[in-house]
Amino acid sequence: PRILLLGPPGAGKGTQSENLVDAYDIEHITTGDALRANKDMETEYGTPREFMDAGELVPDPVVNEIVAEAVSNTEGFVLDGYPRNLSQAEYLDDITDLDCVLFLAVDREELLRRLTGRRVCPECNKTYHVEFNPPETEGVCDACGTELTQRDDDTEAVVNERLDVYEENTKPVVEFYRDRGDLIEIDGEGSPEDVWESLHRQVETVT
Ligand code: AP5
Ligand code: ZN
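Okay, so let's go over this structure. These numbers come from a predicted model, not from an experiment. Sequence order as written defines the numbering, with residues in each chain counted from 1. All chains are assigned letters beginning with A, and all ligands numbers beginning with 1, in the order in which they are written. Given that this is a predicted model, residues contribute local features only at a pLDDT of at least 70 and side-chain atom pairs are listed and counted only at 80 or more, while totals for whole chains, interfaces and linings are drawn from all residues.

Comments concerning the overall build of the protein
A helix here means a DSSP run of H or I that spans at least four residues, while a strand means a run of E at least two residues long, and both kinds are numbered starting from the N terminus. Helix and strand counts for the protein come out as eight helices and seven strands. The globule rule used for comparison is 2.2 Å times the number of residues to the exponent 0.38, while the radius of gyration itself is calculated over C-alpha atoms. For 207 residues, the compact-globule estimate of 2.2 N^0.38 gives 17 Å, and the protein sits close to it at 16 Å. Principal-axis analysis of the C-alpha atoms gives the protein an extent of 45 × 45 × 35 Å. Buried, partly exposed and exposed are defined by the number of other C-beta atoms within 10 Å of a residue's own C-beta, namely 20 or more, between the two limits, and 12 or fewer respectively, with C-beta atoms placed from the backbone. A total of 207 residues make up the protein; the buried ones form 31% of that total.

Below you can see the structure in the form of structure tokens.
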């Protein structure tokens, strides 16, 4: 299936994408990871880092190109982190069809807690939370033994900026799909396992 997973920063898109990849043997297309892997790449707008470390959106042409290439190279995917504004949503409409649009709803206070407590493996990209999803050994990746780090944009000040950018630019994208009758809203506030159960059930109904 071709799945779009929408949600504010910290809603659990990365966490649930891993489950979708395992369940359906599809690709995880995530603009955030793609940009982090190319943070210092020179573009005509500057480097992705200049935008990301401030919590701002990287310019559309840079991101659209990443997605167009990834989408053209795969049959089934879960797309995470894109589209983030209406112009990206219109671009996506032109390059692919979707089987299912999911939206993870989580309130702002919970998002702040999740993002400031997140830790990631710089080697394999697995995501943890100091309190809600800790690794077996504190500070060390279960999967590959690498020391966990905090993302540059997970400080409280940058998280607040990212949440503001979401409200202003990305909420209209959610409404865009809702108005078309395509949006499946999922309560993202339960445990990762509970959220996966409702999400999986919804995907099963459309695939
Ligand atoms: P990106 O990497 O896409 O970040 P984001 O959208 O802010 O999303 P996150 O990865 O922070 O959150 P998530 O929903 O994946 O949550 P996770 O599963 O990790 O983007 C980063 C930057 O790149 C942007 O600011 C922008 O600059 C740029 N960018 C990216 N895409 C772009 C685009 N299309 N256009 C322009 N610029 C773009 O979970 C969060 C934490 O909570 C984890 O610690 C996890 O363990 C924990 N957790 C997860 N689920 C639960 C649960 N159910 N209960 C308790 N804890 C949970
Ligand atoms: Zn790892």
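Looking at the site of ligand 1
To decide whether a residue is near a molecule or strand, its C-beta atom is placed from the backbone and checked for lying within 6 Å of it. Around ligand 1, 36 residues are found, and the nearest of them are P9, G14, G32, G81 and R118. Among the secondary structure elements, those contributing two or more residues to the shell around ligand 1 are α1 (13–24), α2 (31–36), α3 (48–52), α6 (108–116), β6 (127–129) and α8 (192–206). Of the residues contributing to the shell around ligand 1, the split by class is 14 nonpolar, 15 polar and seven charged. Asp, Glu, Lys and Arg are counted as charged, while Ala, Val, Leu, Ile, Met, Phe, Trp, Tyr, Cys and Pro are counted as nonpolar; the rest, among them Gly, fall into the polar class.

Considering the sheet that holds strand β3 (residues 77–80)
Pairing between two strands requires that DSSP report at least two bridges joining them. With parallel pairing, the five strands of this open sheet are ordered in space as β2-β3-β1-β4-β7. Both outer strands of the open sheet, β2 (27–30) and β7 (183–187), are each paired with one neighbouring strand and no more. Here the average twist between neighbouring strands, direction ignored, is 25 degrees. This element, α1, spans β1 (2–6), β2, β3 and β4 (100–105) of the sheet and lies at about 175 degrees to β3. For helices, the fitted line uses only the C-alpha atoms of the stretch in contact; every axis is such a line through C-alpha atoms, and the angle between N-to-C directions lies from 0 to 180 degrees. By definition, residues are in contact whenever their C-beta atoms, placed on the basis of the backbone, come within 7 Å of each other.

Section: the pairing of β4
Remember that side chains alternate between the two faces of the sheet whenever the strand is regular. By the bridge criterion, four bridges tie β1 to β4 in an arrangement that is parallel. Bridge pairing in β4 places I3 opposite C100. When β4 meets β7, the two strands line up parallel, connected through five bridges. Note on β7: the bridge partner recorded for A105 is D187.

What to know about the nonpolar core
A set of buried residues qualifies as a nonpolar core if it consists of Ala, Val, Leu, Ile, Met, Phe, Trp, Tyr and Cys joined through C-beta atoms within 7 Å. One finds I3, L4, L5, L6, L79 and L102 to be the most contacted residues of the largest nonpolar core, which totals 33 residues. Among the secondary structure elements, those contributing two or more residues to this core are β1, α4 (60–72), β3, β4, α6, α7 (156–179) and α8. Discounting residues that sit within four places of it in the chain, L79 has contacts with I3, L4, L5 and I29. The next biggest cluster of nonpolar side chains, apart from the first, holds five residues, and it includes V120, C121, C141 and L148.

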